[in-house]
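# Observations on the model geometry
Given next are the chains, with one letter for each unit.
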Amino acid sequence: MKIHLRQIPLDGLHLEGEEDSKMLDLQGASAGPIRYALDVGVSGSSVFATGRLEVDLELECVACLEKFPYPLRVESFAMQEEVGGSETVDLTPCLREDILLALPAHPHCDWNGDKKCSGVQRENPEPAPLPQMSMIWEELDKLNVKKKN
Ligand SMILES: [Zn+2]
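The rules behind each value
- Residues numbered from 1 in each chain as written.
- Predicted model: local features only at pLDDT ≥ 70, side-chain atom pairs only at ≥ 80, totals over all residues.
- Heavy atoms only, no water.
- Donors = N, O, S within 2.8 Å, 3.2 Å for Na, K, Ca; no water.
- Tetrahedral: all angles 85-135°; square planar, octahedral: opposite > 155°, others 65-115°.
- Helix = DSSP H or I, 4+ residues; strand = E, 2+ residues; numbered from the N terminus.
- Buried < 20%, exposed > 50% of the residue type's maximum accessible area, 1.4 Å probe, protein only.
- Patch = residues over 30% accessible without salt bridge, like charges linked within 9 Å, V, L, I, M, F, W, Y side chains within 5 Å.
- Areas by Shrake-Rupley, 256 points an atom, 1.4 Å probe, with all protein chains shown as cover.
- Salt bridge = Lys/Arg side-chain N within 4 Å of Asp/Glu carboxyl O.
- Arc of directions from axis to C-beta.
- Contact = heavy atoms within 4.5 Å.

A separate point is the coordination of the zinc ion. At 2.3 Å from the zinc ion lie its protein donor atoms, namely Cys 61 (SG), Cys 64 (SG), Cys 109 (SG) and Cys 117 (SG). Around the zinc ion sit four donor atoms; with metal-centred angles ranging over 105 to 114°, the donor geometry is tetrahedral. When the donors of the zinc ion are listed by position in the chain, the intervening gaps give C-x2-C-x44-C-x7-C. With a gap of 56 residues between them, Cys 61 in the loop between strand S5 (46–60) and strand S6 (67–82) and Cys 117 in the loop between helix H1 (92–102) and helix H2 (133–148) connect regions that are remote in the sequence. For Cys 117, a relative accessible area of 9% gives the class buried.

Structure below.
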């Protein structure tokens, strides 16, 4: 996603559109196009951009291995890059980095509560079963027997 510096007016440039998500180089996950809404400006010898990024992904749950849709959102993308005599600036590496940072490291299909994961949930172990009432009475009976003797 290259921008020609001459295309950026003094009061900045608003960019909206889509980029092919091939640039993310995702392994084992499929992704729709990257939608972006960015404000680009020049400050001294550097170019800066702020805005938001969206990409709809299909990730694999680490617990049940099922694929599930995951709408990734980067709400406050921000980058700044020294131009140093170049006439163009390439935003791609920064876009890629911010999206990859926002990816969940251990995706769970029940992340938003819409679905119940059928896999093992190590984070929420089953509570230990309460002792049965009959067992408690048995213990009390034993105590009574000891007292009588
Ligand atoms: Zn799952």
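In this fold, Glu 87 is placed in the loop between S6 and strand S7 (88–90). Spatially, the C-alpha atom of Glu 87 lies 7.6 Å from that of Arg 6, the residues being 81 residues apart in sequence.

Judged by side-chain polarity, Trp 137, Leu 140 and Leu 143 come together as a nonpolar surface patch covering roughly 310 Å² of accessible area. In this fold, Leu 140 is placed in helix H2. A relative accessible area of 35% places Leu 140 in the partly exposed class.

This part takes up the pattern of salt bridges. Within this structure, the stated rule accounts for nine salt bridges. A salt bridge links Asp 56 to Arg 35; the shortest N-O distance between them is 3.5 Å. Highlighted residues: Asp 56 in strand S5 and Arg 35 in strand S4 (residues 34–43), separated in sequence by 21 residues.

Turning our attention to H1. Listed in full, the buried residues belonging to H1 are Thr 92, Cys 94, Leu 95 and Ile 99. The buried residues of H1 occupy one face: seen down the axis, they fall within an arc of 170°. Turned more than 90 degrees away from the buried face of H1 sit Glu 97 and Leu 101, all of them exposed. Contacts from the buried residues of H1 go to S4, S5, S6 and S7.

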